[in-house]
Amino acid sequence: MFIFNTFPEVRDDLRELRSSLKGITINEKGKTLDIQALDTAILRTERSIRKHAEAYLKAVNKQLLVLPIIEDFPRRTVQIPKWKPALEMIPVVCGKKENFSGASPGQKHKSALIKRVLCNPAHPNNRAIMHHKFGISLPDVHKRNTNVVKHNRIITGPAVSLQTFEPKSLHYPPVPDKGTGTVLDTSLVCMSIKNKATLHPTEDSSSSKISTKPRCHKQLKKKLKWETEPESICERIDRECTPLWTTKTPPPSTTSKSRDHWGIIQSTNGLIPESPQTLPVPLPVMISKYPFTIRKGWINPTATDFCHFKQSFSWCWSNVLDTLEALEKLLRDFAVPIAKVTGERLVEFALSWDGGYKKAPSVTSLISVLENQDEVLGLVKHPGQRFKGEGGIEAAAIHIQSCCRRYLARSAYLRHYRLKWAAKTIAVSWLMHTQMRHVREALQARRSRQLENHRSRAQHLAANWKHIQSSKRTIIHIPSLGYSQSQRLNLRGFEILQNIQISRLCDIKDKNVEVIYVCPQHLGEDILHYYTSLLKCDEATDRRFVILTPEAVDYFPTHNMCLSTLLKYSPHTLKRIGNLIQGKQAYIVGGVAHVDDLAVADELGVPVLAPEPAIAQLYSTKSGGRRIFIGAEVDVPPGQGDIYSINQLHEALAELMTQNMHVQRWLFKMDSEHGGRGTAYCDICHLSCYNWALQEYHHYGPELWKAKWIQEPVLLRYFDEIPEWLTHNARPAKTSCYPNWACFLKTFLRQGGVVEAYPPSDSITCLTVDLLLEPGGQVTMLSCGDQLQDSCQLKALGSTVPQTSVNPENLLSICMRVGEACLQRLIVGYISVDLATFLNHNTMEQKVWAVDLDLSYSDQLAMTQMLLMITGGTLNFHTGCLEVPIQIRKKCCEHQIAAKPPVINCYAVIGSRLFHSNLSMLYHSVFFKMCNAYGLRYSMKRKQGTAFALYDLTERCSVGMITVSRDLQGALVTFAQNLTIIHQEISASKMQGETNFKLIKDIKAVLKMTAQNKRLVENNSAA
């Protein structure tokens, strides 16, 4: 460190001596003494001292030294060399950063940025700051050459602050050469000294342990920038900034480094006022002073440019050598013919690369030090270029072998993966199959156990039926519609359809009966209050019926599950029902049979008044009902059941049409459908050969026509024309379910069905009879009524009770035979029989055909129970009358206490499925106020009027209605007037809504026919 203190002193002393000698004058003759020789000697001495100092520094200082980290900033002091003037005499330019205690953080940051810009001549704001701070107007320089390719510098390592400038004492001014008179370039010497000897004499010896590469890299950058500046600018800054370079400035901490680094980027433009004099001047592009060329991956060590580069950067040659070797190897590997290296970039990259032998530099980083890097990079990226260079054959062989091994390994892996996947799939499938088999076996065992329990409980119910009917009992009504899943999903408002039979509550008219009604939806207070008042419930009666809603209704709102399934998955409701029937005689009355009925019954431990689900499924179809009717020896329409193929359909239809020439319409009924949904029809008048066949029939006559050989030509002709006839003329009854014959036929053949003849008459009456097949073996008729059908005459919308179309005795005989046939097939519970009656024009006799059988509790029976509840009457099936008792005055009944009250015959019209979309606009309370305003109410005294059945609280589109009158014509008129009033009140001219109130036309036709029959009866009685 002695050289740092001695050499500046000697240099300054020589300068003072030279300046003092120039001022010496001789008194003699007043002339100045010529001391040129002495000045030359002093200059030669100064050069010699400087040369020896440089040699000494190059020999001794082989490692860069950095300033130690000083953490105690407030205690730093400014030390001034003893041979310098006082600090107060020198103007302070940018030394405010040293005063940490007085300056604000913003001022400190701004001062640091100004120092950074001053030390960077290439910065765009350097010229403006020089003019603003020091009054120096730097000359304009030439513009940057646009042909020079921009190179991205690679800067690694921590950021180094620019606060430490070159000390003035170490600045070497340009010295003119003696011989040439030119100024020697001493910037390299200055750069070397600045990189190796900028340590303060008082620095700590521990600073030598710190890594030197980042600092060397930073000092090299400063050197490369300052070499392009004019010499006058360096001298001017040297003179003006002397106090900064003689001041002891500690290095910044890591925090200040990062803050200053980002501050230069973000805040430099705000340091200088915007004026024309301070606008940044573009600087020329740095031209490399140390370029050299690498040809075919080898460096010529004797080349002048390379020797000059090596000599200039000998102080860091160990790092440069590693980078050169890596660059040479890269160029040889890729057979690059020529590469032009920029020495400065190479040194910069070498100092920033600290991977050494452990980590090779990237190709892009190495190529970035080249001037022709675009050409070299394109050549390196060219496919197959690696195999043209050094070791290319070995590299190609290695690459081929690796690809082959990769292909073989990949193929083996894929084969192993497929085998593993197959084994896994087989194992999972087997486990799932085994698990499903166990679950299936468990379910079968459970259902078998439930079926055995059902049979044992059914036997107990049959043995004790009479005792149960005569004692107190609890009936659990579950109006479940156990249709198939596809049918349930296609039904609109399925929960409302299951709640249409809410009138089952009226079973409490028997004082020994308590009812538990399971409702498929939540009922509001309005509906509960209505049925409470309708059933005349007092405190004693109110406890005889309970309405429960399974909690699973909220869990499966859109699955259209039947009510038995919902109850099965509702443990709280099952537990409550179990508590209500505990210690009581109880049984279940369901709806359409389902296997979950047995699960609910087994959970509650009570019998089910219904056949087994398998038996019910077998005989509830159209084909099964036809077999029962044939077994009961009742008349059935001409037809054939169990049709499952198109050829079977054509053959059966051709044979039936040939044998029954008088039938004008043929019906096609699906086995599993209900309510007219699965019915289609086709009129024979559209058949082209029908007239010819009819002539043949009349030619041979009815007796001869029974011979098969006579029917054969007509049969063959029918068989040929039936397919086309059905395709063009067959029509589904409900196009909303099956839009055309093709869709209907597809489902018909999948489910199976029957072909039946439509009654050959213009006047047809259909009636429904409800029967109870008691477990004890008795058959009881519960209800009978003539149907009110829709326009296609294939679906019932209501009925008139009691029926008046068939002789009561004949009807009772038919029903008894059907009931006994069902009992023989182990069918018990509630069933309903559909009959069709018409007048045979040939014999003028009334014909009754059994057309349908439902093994379930019907809507008509539920509404009949409500009718009997509000009227207090009974149905006499032997006379075919509805007998309603009337009230007698008190005076008349004082001496007739033991006599029965007189009865009158009444008639009622029942509509269980009345639908109007505009009803949803009215709440139930508003609806009843409207009905009361028009007199649509029931009179308990007169036993006449109108009563309604409410089904749901949310949609409110469906209602049931009963009208009671002393004669059938009056009941029909009242029913038609009620529908007209309701439709007019809830509909506008432009909003008629969707409704089935159009049965008013059918009611008018029935009224007209009733009036004609009445006149005929009167005429016959008068004659």
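Up top you'll find the structure we're talking about.
Residues numbered from 1 in each chain as written. Predicted model: local features only at pLDDT ≥ 70, side-chain atom pairs only at ≥ 80, totals over all residues. Heavy atoms only, no water.

(A) Summary view of the packing of aromatic side chains. One pass over the structure, following the stated rule, counts 23 aromatic pairs. With a centroid separation of 4.9 Å and 75° between ring planes, the pair formed by Phe 838 and Trp 849 is classed as edge-to-face. Highlighted residues: Phe 838 in strand E16 (residues 829–840) and Trp 849 in strand E17 (residues 845–854), separated in sequence by 11 residues. The two residues Phe 838 and Trp 849 agree in class, both being buried. Feature note: the residues Tyr 290, Phe 292, Phe 306, Phe 309, Phe 313 and Trp 317 constitute an aromatic cluster, connected by ring pairs. In this structure, Arg 665 packs its charged tip against the face of Tyr 758, placed 5.5 Å from the ring centre. The ring of Trp 692 carries the charged tip of Arg 717 above its face, separated from the ring centre by 5.3 Å. (Phe/Tyr/Trp six-rings, centres within 6.5 Å; stacked < 30°, edge-to-face > 60°. Helix = DSSP H or I, 4+ residues; strand = E, 2+ residues; numbered from the N terminus. Buried < 20%, exposed > 50% of the residue type's maximum accessible area, 1.4 Å probe, protein only. Lys NZ or Arg CZ within 6 Å of the ring centre and 35° of its normal.)

(B) Layout of the packing of helix H15 (residues 392–463) against helix H24 (residues 595–604). Here H15 crosses H24 at 70°, and the two axes come no closer than 9 Å. Classed by the angle they form, the pair H15 and H24 counts as roughly perpendicular. Seen along the crossing, H15 lies across H24 with a hand that is left-handed. Packed against H15, whose contacting residues are Gln 450, Leu 451, Asn 453, His 454 and Arg 457, the element H24 presents Leu 598, Ala 599, Ala 601 and Asp 602 at the interface. In terms of residue class, the contact of H15 with H24 is built from four nonpolar, three polar and two charged. (Axes fitted to C-alpha atoms, helices over the stretch in contact; angles between N-to-C directions. Parallel < 35°, antiparallel > 145°, perpendicular 65-115°, else oblique. Left-handed = near helix turned anticlockwise from the far one by under 90°. Contact = heavy atoms within 4.5 Å. Nonpolar A, V, L, I, M, F, W, Y, C, P; charged D, E, K, R; others polar.)

(C) Region of interest: unusual backbone geometry. Cis peptide bonds are those with omega within 30 degrees of zero, and the linkage from Val 801 to Pro 802 qualifies with -5°. The backbone phi angle of Asp 642 is positive, close to 55°, even though this residue is not glycine. Position of Asp 642 among the secondary structure elements: in strand E8 (residues 639–643). If you check the backbone angles, Arg 956 has positive phi at about 60° while not being a glycine. Inspection of the secondary structure assignment puts Arg 956 in the loop between strand E22 (944–950) and strand E23 (958–965).

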